[in-house]
Amino acid sequence: MNKPFHLMTPAERTAARIAQNRAIDEKIEEKTGAIKNRKPPARSTGEYVRATPEEHGKLGSVIRKVQS
């Protein structure tokens, strides 16, 4: 689309952003060779720990529970 962003309708803006994000993802995928929809392994490995949220918390995760 060669229309300036400020002249686009909301639907056109959304479509333009989606297309732009897909193009960025494809560039990153080409450079890194990353597999996009890779599933985590069924068991824990050296690279990946499959654990419950409580077990992840014991490992020192950056996600903290908020006391209300």
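Structure report, in brief. Predicted, not measured: the structure shown is a model, and the values here were computed from it.

Definitions and limits used
- Residues numbered from 1 in each chain as written.
- Predicted model: local features only at pLDDT ≥ 70, side-chain atom pairs only at ≥ 80, totals over all residues.
- Heavy atoms only, no water.
- Helix = DSSP H or I, 4+ residues; strand = E, 2+ residues; numbered from the N terminus.
- Buried < 20%, exposed > 50% of the residue type's maximum accessible area, 1.4 Å probe, protein only.
- Areas by Shrake-Rupley, 256 points an atom, 1.4 Å probe, with all protein chains shown as cover.
- Salt bridge = Lys/Arg side-chain N within 4 Å of Asp/Glu carboxyl O.

Moving on to the overall build of the chain. Per the secondary structure count, the chain includes two helices and zero strands. Sorting the 68 residues of the chain into buried and exposed places 1% on the buried side. A total accessible area of about 6800 Å² is found for the chain, and carbon and sulfur atoms account for 55% of it.

Turning next to the pattern of salt bridges. Evaluation of the coordinates by the stated rule reveals one salt bridge. Taking the shortest distance from any N to any O, the salt bridge between E12 and K3 comes out at 3.2 Å.

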